[in-house]
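Single-letter residue listing:
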Amino acid sequence: MAVLISNDAGLDTLIGPAEIEVAVRATLAAEGVERPVEVSVSFVDAHEMQGLNRAWRDIDAPTDVLSFECESPFDADVPDGEPVELGDVILAPEVISAQAGGFGCTPAEECRLMLVHGMLHLLGHDHMADDEARAMEDRELEILRALAQDRGEDPDAVRIGPTTRHIDD
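Notes on the structure in this doc start here. Just so it is clear, the structure is predicted and the values come from calculations on it, not from any experiment. (Residues numbered from 1 in each chain as written. Predicted model: local features only at pLDDT ≥ 70, side-chain atom pairs only at ≥ 80, totals over all residues. Heavy atoms only, no water.)

If you walk across this open sheet you meet the 4 strands as E1-E2-E4-E3, and the pairing is mixed. A single partner strand is all that each edge strand has here, and the edge strands are strand E1 (2–6) and strand E3 (65–69). Looking at each pair of strands side by side, their axes are set apart by 15 degrees on average, direction ignored. Bridge count between E1 and strand E2 (residues 37–43): 5 bridges; the pairing is parallel. Across the sheet, Ile5 pairs through a bridge with Val41, a residue of E2. Packing of helix H4 (residues 107–122) onto the sheet brings it into contact with E2, E3 and strand E4 (84–91), and relative to E4 it is tilted by some 145 degrees. (Pairing = 2+ DSSP bridges. Helix = DSSP H or I, 4+ residues; strand = E, 2+ residues; numbered from the N terminus. Axes fitted to C-alpha atoms, helices over the stretch in contact; angles between N-to-C directions. Contact = heavy atoms within 4.5 Å.)

The subject of this paragraph is the pairing of E4. Of all 8 residues that make up E4, 6 are buried, and the element is covered over most of its length. Taken together, the 7 bridges between E2 and E4 define a ladder with parallel strand orientation. By the bridge assignment for E4, Val37 is matched with Val84. (Buried < 20%, exposed > 50% of the residue type's maximum accessible area, 1.4 Å probe, protein only.)

Axis separation between helix H1 (residues 17–30) and helix H5 (residues 130–150) bottoms out at 10 Å; the angle between their running directions is 125 degrees. By the angle between their directions, the pair H1 and H5 is classed as oblique. The handedness of the crossing between H1 and H5 is right-handed. Taking contact as the criterion, the partners of Val22, Ala23, Ala26, Thr27 and Ala30 in H1 are, on H5, Arg139, Ile143 and Leu147. Among the residues making up the contact of H1 with H5, the classes are represented as 6 nonpolar, 1 polar and 1 charged. (Parallel < 35°, antiparallel > 145°, perpendicular 65-115°, else oblique. Left-handed = near helix turned anticlockwise from the far one by under 90°. Nonpolar A, V, L, I, M, F, W, Y, C, P; charged D, E, K, R; others polar.)

Another aspect to go through is H5. The first and last C-alpha atoms of H5 sit 30 Å apart over 21 residues, in line with the 30 Å expected at 1.5 Å per residue. Listing the buried residues of H5 in full gives Ala133, Met136, Glu137, Arg139, Glu140, Ile143, Leu144, Leu147 and Ala148. Where the residues of H5 are buried, they touch H1 and H4. Once H5 finishes, Gly152 follows within two positions and takes phi at roughly 85 degrees, a positive value. (Expected span 1.5 Å × (residues − 1).)

Set out below in structure tokens:
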């Protein structure tokens, strides 16, 4: 697995590179991805995120995370042993930090959630329907609790709100 972390603006990423790689690896393992993959995780400021959100989703506002899928690790057309270019997860730490308090969590906790959320999108999860949203939230919670346990924290203390429903979109 290769994780390319980009932070050209020198932003506070809220969690460190090692933790980013652990979260990516845990999400891949939880989803049964066994083949080599390459994924990009980028940190951008709110202004750049707003431009991306406007260009790709026609929403003229910054958002916390965007995911851009390239190849599926489950695609039989990608030759065995060849790394799959999974895609890009783009995070806006300024937006993530600003919304964390409203969700009753720290910026680092919210960043972990948004990273796992973005990775699940790259792996084919979606949340446009309520049942999909509930399934995605359940998966996020399962992965985040496993990560908390690995850090020596109480996994039952991990809570996430209804983060995946896009009622306003």
